[in-house]
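# Breakdown of the fold
So the chains spell out like this:
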Amino acid sequence: ADISKSKVAITWWIMEQVEQRNGRFLIWDNGCWELMTDRQQIRLKVASAFKDHKRRLRAHLNCQVNESSTHKFERQDGKKRKRQDDSSESGSNCFKLLNN
C-alpha cells in the first residue's frame, strides 16, 4: 500500500514539474494532437509511461547476446552444399532389396 501511494505521489510530482515548465500533456485523437485537461487521465498517462519504460528496460536487460555465427563452422572441403548422408542411401537400398 505504501509503495502504491509513493508511486501515485511521484506521478503527481512529475505532472507538477511538467506544468511548471509550461509543458503540456497531449493525446493523439482523430488524426491530431489534443490538449489533455482531465488531471486523472494525465496521471494515468504518466503512470503508464513509467510502466512501458520499465517493461522495455526489463526486456532489454533480459536480451541474450549470442556472438556465435555459422560462418565459423564452414565445411573443411570448401563445398557450400550439405553432404548427403551415406547411411540414408544404403538404408533406402536395403528397403528396396526387402521389397523385391
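All of these numbers come straight from a predicted model, not from anything done at the bench. (Residues numbered from 1 in each chain as written. Predicted model: local features only at pLDDT ≥ 70, side-chain atom pairs only at ≥ 80, totals over all residues. Heavy atoms only, no water.)

### Observations concerning the overall build of the protein
The line we're drawing: Helix and strand labels come from DSSP, where a helix needs a run of H or I of at least four residues and a strand needs a run of E of at least two; each type is numbered from the N terminus. Buried, partly exposed and exposed residues are distinguished by accessible area as a fraction of the type maximum, computed with a 1.4 Å probe on protein chains only: under 20%, between the cut-offs, and over 50%, respectively. Any two residues whose heavy atoms approach within 4.5 Å at even a single point are treated as in contact. Note on areas: Shrake-Rupley with a 1.4 Å probe; residue coverage comes only from the protein chains shown.
Across its full length, the protein holds 3 helices and 2 strands. Listed N to C, the secondary structure of the protein is α-β-β-α-α in terms of helices and strands. Considering the protein as a whole, with its 100 residues, one finds that 10% of them fall into the buried category. Pairs at least 24 residues apart make up 34% of the contacts formed inside the protein by residues separated by at least 6 positions. Carbon together with sulfur atoms contributes 54% to the accessible area of the protein, which is approximately 9700 Å² in total.

### Some thoughts on unusual backbone geometry
The phi dihedral of Asn 22 falls on the positive side, at around 60°, and the residue is not glycine. Take Asn 22: it is sitting in the loop between helix H1 (2-20) and strand S1 (26-29). Residue Asn 22 is classed as exposed on the basis of its relative accessible area, which comes to 68%. One non-glycine residue with positive phi stands out, namely Asn 30, at about 55°. Positionally, Asn 30 belongs in the loop between S1 and strand S2 (32-35). For Asn 30, a relative accessible area of 72% puts it in the exposed group.

### Looking at the nonpolar core
For soluble globular proteins, the rule of thumb is that nonpolar side chains tend to be buried together. Stated precisely, the cut-off is as follows: Each nonpolar core is a collection of buried residues, namely Ala, Val, Leu, Ile, Met, Phe, Trp, Tyr and Cys, held together in the definition by side-chain atoms within 4.5 Å.
Counting 6 residues, the largest nonpolar core is built from Ile 14, Met 15, Phe 25, Met 36, Ile 42 and Val 46. At the level of elements, H1 and helix H2 (39-62) are the ones that each hand at least two residues to this core. If near-sequence neighbours (up to four positions away) are discounted, Ile 42 is found in contact with Met 15, Phe 25, Met 36 and Thr 37.

### Section: H1
Short version of the rule: What a helix should span is 1.5 Å times the count of its residues minus one.
The end-to-end C-alpha distance of H1 is 27 Å, a good match for the 27 Å that 19 residues give at a rise of 1.5 Å each. Elements in contact with the buried residues of H1: H2. Directly after H1, the chain includes Asn 22, whose backbone phi takes a positive value near 60°.

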